[in-house]
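# Structure assessment
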Amino acid sequence: MDIQEYFSLVFSDYTLRTITLGTAILGAVTGMLGSFAVLRKQSLLGDAISHAALPGIAISFLITGAKDSNTLLLGALVSGLIGTFWIRGIISKTHLKSDTALGLILSLFFGFGMLLLTFIQKQPNANQAGLDKYLFGQAATLIESDVWMMAIVTGICLFVLLLFWKEFKILLFDKDYAKTLGFNTKAIDILITSFIVLAIVLGLQTVGVVLMSAMLLAPAAAARQWTNSLATMVFLAAIFGAFSGVFGTAISASQDNLSTGPVIVLVAAVFVFVSFVFSPSRGLLFKQIRFIKNRRDLQLHKTLSFMYNIAETHDDISHPHEIKILNNFHGFTKGTLKKLVDKNYVILEGSTWSLTNDGFKTALNLYNQLTKKDE
Amino acid sequence: MSSAQIEIQLIASLVAIACAIPGTFLVLRKMAMISDAISHSILPGIVIGFFITQDLNSPLLILLAALTGVITVVLVEYIQKTGLVKEDTAIGLVFPVLFSIGVLMIAKKANDVHLDIDAVLLGELALAPFDRLLISGVDVGPKSLWIIGSILCITVLLLLAFFKELKLSTFDKGLAASLGFSPAIIHYGLMTVSSITTVGAFDAVGAILVVALMIAPAASAYLLTTDLKKMLILSIIFGVLSAISGYWFAHWLDASIAGSITTMLGVLFLIVYLFAPSKGIIAVLYREKQQRIEVSLLTFLLHLKNHDDENERHVNHLNEHINWQKVRSKIVLDLALKNNMIMIDDSIVFLTPKGDKFTTQAIDYIITNEDAQIEGMKDDFFLFRG
């Protein structure tokens, strides 16, 4: 199946439609909430939470013996929340730093989860197959009820987000101010963290424990490059996330042997890469261009001020001088001289140059005025 | 105990020691999450190395994979340096991408060979004794034992050779740089050692356990001591202890050894986290409570010193004046009495000369903004703490 075929089938084929919708919704909700995680400098929290969710899945399977994804995800939610609050406890009450706390909880919970999974696999009833799909995710196992579940959770997220928009925003950018205004910062903090946990847990089935953090971060990190407004960023991140989901599904469906999770992550990474390089205000490409342009302007100014220093010693500012006396050290090249001529600061006559009145004035004020209209 | 069991425990212990040493420094340098990133992102290196060498234990594969680990670190630092995102986001972006590439390469190419992701994540310690190293036909022991043994030797040698430099650059980067130790060389040296250890250990115990073995013993030791040497020794002891007890736990449960060692590490950390003498959570909560009461006591004494009016110092009016609840006022009053700071005469509270002296000194410290000094004073004045 190639990509075109995929897009023609996506509306008619039940499986494809379900998976595509599921990954799109998942991408949107993780992108939305991921923006908050990224801005709060909690990017790695997502990684820790997704790993910490694993024992919950195993335990709820051990208790109920059922493979119903909602029950398992409930277990994941509980154990993810326990992990999150333990991390906060470690950071706030002991000397251990946040990175240690994250790494600790991540590896310990995950190891414990793996212990339980291998323990389950040795059990006599053969119902356990398929639990390991939560490790790397299997979008193909999504069914319509899962997608409904995601849609409902996304709806709730969106509702809460809009309802507490002001509170979230102020907590994000100025926590102390929020406190002085009388907001219960702890409650808002817990609310938003819980939603992040919820979004991660939702994605476990599709993308898996290991790669879930990238789903949270990548769309948000990409969206951050295009805007400085929170609302736009959240919106953009949701779009990027959704598109990563759709494209990732399309690519993995059109090839054999490509699991959906890693492909979605790679597509999201492409979004990040493009944003890093091509974003107009922050992107590396335009930054470099601006850098080069600034350097050129500086060279031009240097040449001009050198000319000014020479012209100053003469009564007639337009007294012609040989081009030869200009040197490289002052940023002189043929190009810069031509630019000066274009700007009508300098007149060239044969092998001599002379400053114009205009050029003299500009050079005089070069270091007095900080804002120049022509640069 | 069969010889295979002894060998497994030996390998697990060696891995624990080899991880604990770099782990201690990673925790102290606040780079614990880097080990997580490395453990994931070596996957493509392992896969490529495997395609080239067709042998999971070849030294070339270990070097290639370790190189991927160092590349991860460089990439993270590069992204961070552009200022587009913060460091943690950079880490969180780089390793899933590399890991995804590894997963896809395995899915595409290595379906028919012995290399699956579960093995990379979890390792199979139980199988390690069956892969023997034969030197001219003589069986000299399991391959993993030799690999992790040599990595451990190198790590210990490097540690002994550069202990001073490592210590200095960990605790005072600026001083280390000004004394002429290049921070970059030490940094990348540590990263290389961590990468090599991760790669060497992953085959035996899997990527996740490597992270756990690096961070958990060091974090537990950090809560128990403030001495670098003691911390190193403690984390090695913790690592080995969990490795051996984890093995027997797995044996009893018939489950993954790696998972069970991690669980043991978790139990160990939980115990230390709760009961560590001065940094454990119970000690911290107790100290916080103590300090809360002592601060209240100070406030109370200051109040007494400031007010001569008998009305203000009547026992029954105190809670109104300082706005405390009854229970709290009673605790504070009792503490003050026990420490001979106050006298109660006919329901009017007076400062004793000792209480007066304490309060005067405390005020001095407060107005000169040296509040921390008050803590030291408490030892001189208090018979009973809060």
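Residues numbered from 1 in each chain as written. Chains lettered and ligands numbered in written order. Predicted model: local features only at pLDDT ≥ 70, side-chain atom pairs only at ≥ 80, totals over all residues. Heavy atoms only, no water.

### Points about the overall build of chain A
To keep it simple, the criterion reads: Going along the chain from the N terminus, every DSSP run of H or I of four or more residues is numbered as a helix, and every run of E of two or more is numbered as a strand. C-alpha atoms define the radius of gyration in this analysis, and the globule rule sets the expected value at 2.2 Å times the number of residues to the power 0.38. Here's how the labels work: a residue is buried when its accessible area is under 20% of the maximum for its type, exposed when over 50%, partly exposed in between, all with a 1.4 Å probe on protein chains only. Should any heavy atoms of two residues lie within 4.5 Å, those residues are counted as being in contact. What sets the accessible areas is the Shrake-Rupley method with a 1.4 Å probe; for residues, cover comes only from the shown protein chains. Charged residues are defined narrowly, with Lys and Arg counted positive, Asp and Glu counted negative, and His plus the chain ends left uncounted. For charged residues, the charge sits on one atom: NZ in Lys, CZ in Arg, CG in Asp, CD in Glu.
The secondary structure content of chain A amounts to 17 helices and three strands. Here the C-alpha atoms of chain A give a radius of gyration of 30 Å, more than 25% beyond the 21 Å that 2.2 N^0.38 yields for 375 residues. Expressed along its principal axes, the backbone C-alpha trace of chain A runs to roughly 105 × 55 × 35 Å. Counting over 375 residues, chain A shows a buried share of 54%. Counting only contacts in chain A whose residues sit at least 6 apart along the sequence, the fraction spanning at least 24 positions is 70%. Of the roughly 17000 Å² of accessible surface on chain A, 64% is carried by carbon and sulfur atoms. Looking at chain A, you have 30 positive and 24 negative side-chain charges, and the mean spots of the two groups are 7 Å apart.

### Comments concerning the sheet that holds strand S3 (residues 352–355) of chain A
All names here are of chain A. Quick reminder of the rule: One bridge is not enough; two strands pair if DSSP finds at least two bridges between them. Interaxial angle, 0 to 180 degrees, is taken between N-to-C directions of lines fitted to C-alpha atoms, where a helix line uses only the stretch in contact.
With respect to topology, three strands assemble into an open sheet ordered S1-S3-S2, the strand pairing being antiparallel. Of all strands in the sheet, those with a lone pairing partner are strand S1 (321–322) and strand S2 (346–349), marking the two edges. Pairing between S2 and S3: four bridges, direction antiparallel. The residue of S3 that forms the bridge with Leu 348 is Trp 353. Docked against the sheet, helix H15 (residues 284–312) engages S1, S2 and S3, running at close to 85° with respect to S3.

### A closer look at the environment of Val210(B)
All names here are of chain B. By the secondary structure assignment, Val 210 is in helix H9 (residues 207–222). For the pair Val 210 and Val 15, spaced 195 residues apart in sequence, the C-alpha to C-alpha distance is 8.2 Å. Non-local contacts of Val 210, meaning those with residues more than four positions away in its chain, are made with Cys 19, Thr 198, Ala 201, Phe 202 and Val 205.

### Thoughts on unusual backbone geometry
Apart from glycine, the bulk of residues carry a negative phi angle, and the bulk of peptide bonds sit in the trans form. You will see that Lys41(A), though not glycine, has its phi angle at about 60°, which is positive. Counting through the fold element by element, Lys41(A) comes out in the loop between helix H2 (14–39) and helix H3 (43–52). The backbone of Asn340(B) shows a phi angle near 60°, a positive value even though the residue is not glycine. Tracing the chain through its elements places Asn340(B) in the loop between helix H14 (326–338) and strand S3 (342–345). When its relative accessible area of 43% is taken as the criterion, Asn340(B) is described as partly exposed.

### Here we look at the side chain of Asp36(B)
Just so we agree on the cut-off: A side-chain nitrogen of Lys or Arg and a carboxyl oxygen of Asp or Glu constitute a salt bridge if their distance falls within 4 Å.
Its location among the elements puts Asp36(B) in helix H2 (residues 32–53). Look at Asp36(B): it is buried, it has no salt bridge, and the nearest opposite charge is Arg29(B) at 19 Å. Dropping the residues within four chain positions of it, Asp36(B) is found in contact with Asp47(A), Leu106(A), Phe95(B) and Val211(B).

### Brief notes about the pattern of salt bridges
Across all of its chains, the model carries five salt bridges over all chains by this definition. In this structure, Arg88(A) engages Asp189(A) in a salt bridge whose closest nitrogen and oxygen atoms are separated by 3.2 Å. Within this pair, whereas Arg88(A) is found in helix H5 (residues 69–93), its partner Asp189(A) is found in helix H11 (residues 185–207), the two being separated by 101 residues in sequence. With its nearest N and O atoms 3.0 Å apart, the salt bridge here joins Lys93(A) to Glu288(B).

### Some words on the packing of aromatic side chains
Residues and elements named next belong to chain A. For clarity, the threshold we go by: Within 6.5 Å between ring centres, the rings of Phe, Tyr and Trp (the latter by its six-membered ring) count as paired, and their orientation is classed by plane angle as stacked under 30 degrees, edge-to-face over 60, tilted in between.
In total, this model carries eleven aromatic pairs over all chains according to the counting rule given. Ring centres of Phe 36 and Trp 165 lie 6.5 Å apart, and the angle between their planes is 85°; this geometry places the pair in the edge-to-face category. You can see Phe 36 sitting in helix H2 and its partner Trp 165 sitting in helix H9 (residues 165–173), a full 129 residues away along the chain. Here Phe 36 falls in the buried class, since its relative accessible area comes to 1%.

### Thoughts on a negative patch on the surface
Residue and element names in this part refer to chain B. We apply this condition: Two distance rules govern patches: like charges are joined within 9 Å, and nonpolar side chains (Val, Leu, Ile, Met, Phe, Trp, Tyr) within 5 Å, applied only to residues with over 30% relative accessible area and no salt bridge.
Together, Asp 308, Asp 309, Glu 310, Asp 345 and Asp 346 line one region of the surface with negative charge. With respect to the helices, strands and loops of the structure, Glu 310 is situated in the loop between helix H12 (281–306) and helix H13 (318–322). Relative accessible area serves as the criterion here: at 47%, Glu 310 is assigned to the partly exposed category.

### Looking at the confidence of the model for chain B
So the rule is basically this: One confidence number per residue, pLDDT, is output by the predictor and ranges from 0 to 100.
On average, chain B scores 84 in pLDDT, and the residues at 70 or more come to 94%. At the low end of the mean pLDDT range in chain B sits helix H5 (residues 117–122) of chain B, at 67; at the high end sits helix H10 (residues 228–253) of chain B, at 93.

### Digging into the domain arrangement of chain A
Quite often, the size of an interface is put as the accessible area lost when its parts meet. Using the following cut-off: Segmentation into domains, and thus their bounds, comes from an automatic or database assignment.
In terms of domain boundaries, chain A breaks down into domain 1 (3–282) and domain 2 (286–364). Here the C-alpha centre of domain 2 of chain A lies 58 Å away from the C-alpha centre of domain 1 of chain A.

### Section: the packing of H9(A) against H11(A)
Residues and elements named next belong to chain A. This is how the line gets drawn: Here the angle decides the label: under 35 degrees means roughly parallel, over 145 means roughly antiparallel, 65 to 115 means roughly perpendicular, and every other value means oblique. Nonpolar residues are Ala, Val, Leu, Ile, Met, Phe, Trp, Tyr, Cys and Pro. Charged residues are Asp, Glu, Lys and Arg, and all others, Gly as well, are polar.
It is the contact of H9 with H11, at a shortest axis distance of 10 Å, that shows an interaxial angle of 100°. In terms of axis orientation, H9 runs roughly perpendicular to H11. Contacts between H9 and H11 pair Glu 167, Phe 168 and Leu 171 from the former with Thr 185, Ile 188, Asp 189, Leu 191 and Ile 192 from the latter. When grouped by side-chain class, the residues that make up the contact of H9 with H11 number five nonpolar, one polar and two charged.

### Remarks on the domain arrangement of chain B
If you check the domain split of chain B, you get domain 1 (3–214) and domain 2 (282–381). Placing the centre of domain 1 of chain B and that of domain 2 of chain B at their C-alpha centroids yields a distance of 56 Å.

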